[in-house]
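Next come the chains, spelled out residue by residue.
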Amino acid sequence: MCPGLSFGLQIMQLTPATLLHGFDIVSHDGKPTDMLEQIGLTNIKASPLQVILTPRLSTYIYDDEIEMI
């Protein structure tokens, strides 16, 4: 058994939640995203994921040089 199994299962829920919290996610054409999967040894998407991620926070937060008051 994998020693990191329980940690991996927790991270698999935390990672998408963090992305959904931090970014607005829209498709190029405004239509719903196709999330169909192909069945195989591992599940992969049937078509490439093409979305636009836009940060929800103001751009000044991401600047490297932030002046402290």
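In what follows, the structure referred to is the one given above.
Scope of this entry: the structure provided in the associated data block. (Residues numbered from 1 in each chain as written. Predicted model: local features only at pLDDT ≥ 70, side-chain atom pairs only at ≥ 80, totals over all residues. Heavy atoms only, no water.)

Details of the overall build of the protein chain
Selection rule: By definition, any uninterrupted DSSP run of H or I lasting at least four residues is a helix, any uninterrupted run of E lasting at least two residues is a strand, and each is numbered from the N terminus. Relative accessibility thresholds used throughout: buried, under 20% of the residue-type maximum; exposed, over 50%; partly exposed, between the two (1.4 Å probe, protein chains only). Should any heavy atoms of two residues lie within 4.5 Å, those residues are counted as being in contact. The Shrake-Rupley method, run with a 1.4 Å probe sphere, supplies the accessible areas, and residue values consider only the shown protein chains as cover.
Of regular secondary structure, the protein chain possesses 1 helix and 4 strands. Looking at the 69 residues of the protein chain, the share that counts as buried comes to 1%. When contacts within the protein chain are restricted to residue pairs at least 6 apart in sequence, long-range pairs at least 24 apart make up 47% of them. On the protein chain, roughly 6,800 Å² of surface is accessible, and the fraction owed to carbon and sulfur atoms is 64%.

Description of a nonpolar patch on the surface
Put simply, the rule reads: Nonpolar side chains (Val, Leu, Ile, Met, Phe, Trp, Tyr) are joined into patches within 5 Å and like charges within 9 Å, using only residues with over 30% relative accessible area and no salt bridge. In the sections that follow, a salt bridge refers to a side-chain nitrogen of Lys or Arg positioned within 4 Å of a carboxyl oxygen of Asp or Glu.
Taken together, the side chains of Met 1, Leu 5 and Leu 9 make up a nonpolar region of the molecular surface, amounting to roughly 400 Å² of accessible area. In this structure, Leu 9 sits in helix H1 (residues 5–22). The class for Leu 9 is exposed, based on a relative accessible area of 53%.

Thoughts on the layout of surface pockets
Put simply, the rule reads: Think of a 1 Å grid over just the protein atoms. A cavity is a set of points where a 1.4 Å probe fits yet cannot get out, a pocket is an open set with protein on both sides within 12 Å along at least five of seven lines, and lining residues have an atom within 4 Å of a point. Grid points are joined across faces, edges and corners, and a volume is the space filled by probe spheres set on the points. By the convention adopted, Pro, Cys, Tyr, Trp, Phe, Met, Ile, Leu, Val and Ala count as nonpolar, Lys, Arg, Asp and Glu as charged, and the other residues, Gly among them, as polar.
In this model, the largest pocket occupies a volume close to 270 Å³. In this structure, the largest pocket is lined by Pro 16, Leu 19, Leu 20, Ile 25, Met 35, Lys 45, Leu 49, Val 51 and Leu 53. If you list the elements that add at least two residues to the lining of the largest pocket, you get H1 and strand E4 (51–55). With 3 residues, H1 is the largest single contributor of residues to the lining of the largest pocket. Looking at side-chain class alone, the lining of the largest pocket contains 8 nonpolar, no polar and 1 charged residues.

Examining the pattern of salt bridges
Summed over all chains, the structure comprises 1 salt bridge. Here Arg 56 and Asp 24 are joined by a salt bridge, their closest N and O atoms 3.1 Å apart. Here Asp 24 lies in strand E1 (residues 23–27) and Arg 56 lies in the segment after E4, a separation of 32 residues in the sequence. Residue Arg 56 is classed as partly exposed on the basis of its relative accessible area of 49%. Assessed through its relative accessible area of 37%, Asp 24 is described here as partly exposed.

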